[in-house]
Amino acid sequence: MPELPEVETTVRGLRPVLEGQRIAGVQVRRPDLRRAFPEDLGQRLTGATVTALGRRAKYGLIDTDRGDTMVFHLGMSGHWRVDPAELKPHDHLVIETGAGRRVTLNDARRFGSVELWPTDALADYPPFVGLGPEPLGPEFTADGLAAALKGRSASIKTMLLDQRIVAGLGNIYAVEALYEAGISPRRAAGTVSRKRLARLVEAVHHVLEAAIAAGGSTVRSYASPDGELGHFAMQLHVYGREGEPCECGGTVKRYVEGGRSTFWCPRCQR
DNA sequence: CCGACAACCTGACGGC
DNA sequence: TGCCGTCAGGTTGTCG
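Position numbers for residues count from 1 along each chain, tracking the sequence in the order it is written. Numbering of ligands from 1 and lettering of chains from A proceed in the order in which they are written. This being a predicted model, a pLDDT of at least 70 is required before a residue's local features are given, and a value of 80 or more before pairs of side-chain atoms are given or counted; all residues contribute to the totals for chains, interfaces and linings. Note that water and hydrogens are dropped before the side-chain values are worked out from all heavy atoms of the structure.

Draft legend 1. Main features of the packing of aromatic side chains. Note on ring pairs: Phe, Tyr and Trp rings are taken, using the six-membered ring of Trp, and paired if centres are within 6.5 Å. Classes follow the plane angle, with under 30 degrees stacked, over 60 edge-to-face and the rest tilted. Scanning the model with the defined rule gives 7 aromatic pairs in all. Centroid distance Tyr 59 to Phe 128: 5.2 Å. Interplanar angle 80 degrees. Geometry classified as edge-to-face. Placement of Tyr 59 in strand 3 (residues 59-64) and of Phe 128 in the loop between strand 8 (113-118) and helix 3 (142-149) is noted, with a sequence separation of 69 residues between them. Grouping residues by exposure puts Tyr 59 and Phe 128 together as buried. Of the aromatic side chains, those joined through ring pairs into one cluster are Tyr 59, Trp 117, Tyr 125 and Phe 128. Secondary structure elements are taken from DSSP: a helix is a run of H or I of four residues or more, a strand is a run of E of two residues or more, and numbering for both begins at the N terminus. Three labels apply to residues, based on accessible area from a 1.4 Å probe with only protein chains included: buried if under 20% of the type maximum, exposed if over 50%, partly exposed otherwise in between.

This is how it looks when you write it as structure tokens:
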């Protein structure tokens, strides 16, 4: 589930629990996700105080007063649980605060990752090298996008998923943004007009902001029974709606590209 | 550069 | 009810 809005929602949910708090205990119940955790993860975190939480692309950042940042990625199935009544299967990592709060990192498929990296050198964290601009930041512009896509023959959908072009979009929101912009996902990226790229940038902003807003309300109240962060249902226009009618009177179609489903309306996306 | 495919894992769901 | 195939929001690598 985790694209940028889900990670942002997760970080916002963890912030009031962890920020300014001392980490009283760390329990590693399984030592690896996609890669092994750092050997000394527990020692390096225990006793540290969390100074800030943040996000870069689809990665969550937990800074500590020891100069380390815990960088986590949620993969396909990862999520944090806040003050769960009891531990569940796939709660691989448990962090307890001095205030007696408890959060767990649960990831059934284990495509996620956890790493510790010097806070002042995060730009050198290998997954961050070469990342494109934040889609909600000032550097994600129609001009920048046009420059990055110039001459590219790959589909615009593929390019939106390329984290070097823009960092944080995943399959759902790439699909939804293209729908909102009225652009066919199959169109060669380099042939999309500057005017339509401007529309796409606006659509990306709108889709992500709406998703974050939808998640925010969930987080504020911890509405999910077991405190699971990043779970919310935003209204999606085409994703997962193969065969359903589009508002324009057309029908939502699906095709597979690069092993991933793309949903679109051929009538209103050109 | 590009598309296709596989690999990494587990769980949910539909069909029979 | 149970078994089996398919699919899932990500990343990384290979191959032609």
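Draft legend 2. The protein's contact with DNA strand B, seen in detail. Around DNA strand B, the neighbouring residues are Arg 34, His 90, Ala 108, Arg 109, Arg 110, Phe 111, Arg 152, Ser 153, Ala 154, Ser 155 and Gly 258. If a single non-hydrogen atom of a residue is within 4 Å of a molecule or strand, that residue counts as near it. Of what DNA strand B places within 4 Å of the protein, 62% of the atoms are sugar or phosphate. Taking Arg 109, its side chain carries an N or O atom lying 2.8 Å from a base oxygen of DNA strand B. In the environment of DNA strand B, a phosphate oxygen lies 2.9 Å from a nitrogen or oxygen atom belonging to the backbone of Ser 153. We call two N or O atoms a polar contact when they sit within 3.5 Å, provided that within protein one can donate a hydrogen and the other can accept it, with sequence-adjacent residues counted only if both atoms are side-chain atoms.

Draft legend 3. Just the sheet that holds strand 7 (residues 102-107), in detail. With antiparallel pairing, 4 strands are arranged side by side in an open sheet as 1-6-7-5. Edge positions in the sheet fall to strand 1 (23-28) and strand 5 (78-82), since each of these pairs with one other strand and no more. Strand-to-strand, the axes of this sheet are offset by a mean angle of 15 degrees, without reference to chain direction. Note on pairing: DSSP must find at least two bridges between two strands before they are called paired. Across 5 bridges, strand 5 lies against strand 7 in antiparallel orientation. Counterpart to Val 82 in the pairing with strand 7 is Val 103. When checking whether two residues touch, look at their non-hydrogen atoms; a contact exists if any pair is within 4.5 Å. Every axis corresponds to a line fitted to the C-alpha atoms, with the helix fit spanning only the stretch in contact, and the corresponding angles, defined between N-to-C directions, vary from 0 to 180 degrees. Together, strand 5, strand 6 (91-97) and strand 7 form the strand contacts of helix 1 (residues 4-18), whose direction differs from that of strand 5 by roughly 35 degrees.

Draft legend 4. How the structure looks around the sheet that holds strand 3. The 4 strands are arranged 2-3-4-8 in an open sheet whose pairing can be described as antiparallel. Edge strands, defined here as strands with exactly one partner in the open sheet, are strand 2 (50-56) and strand 8. With strand direction ignored, the average angle separating the axes of adjacent strands in the sheet is 20 degrees. Pairing of strand 4 (residues 68-73) with strand 8 involves 6 bridges; the strand directions are antiparallel. When the sheet's bridge partners are listed, His 73 is paired in strand 8 with Ser 113. This element, helix 1, spans strand 2, strand 3 and strand 4 of the sheet and lies at about 175 degrees to strand 2.

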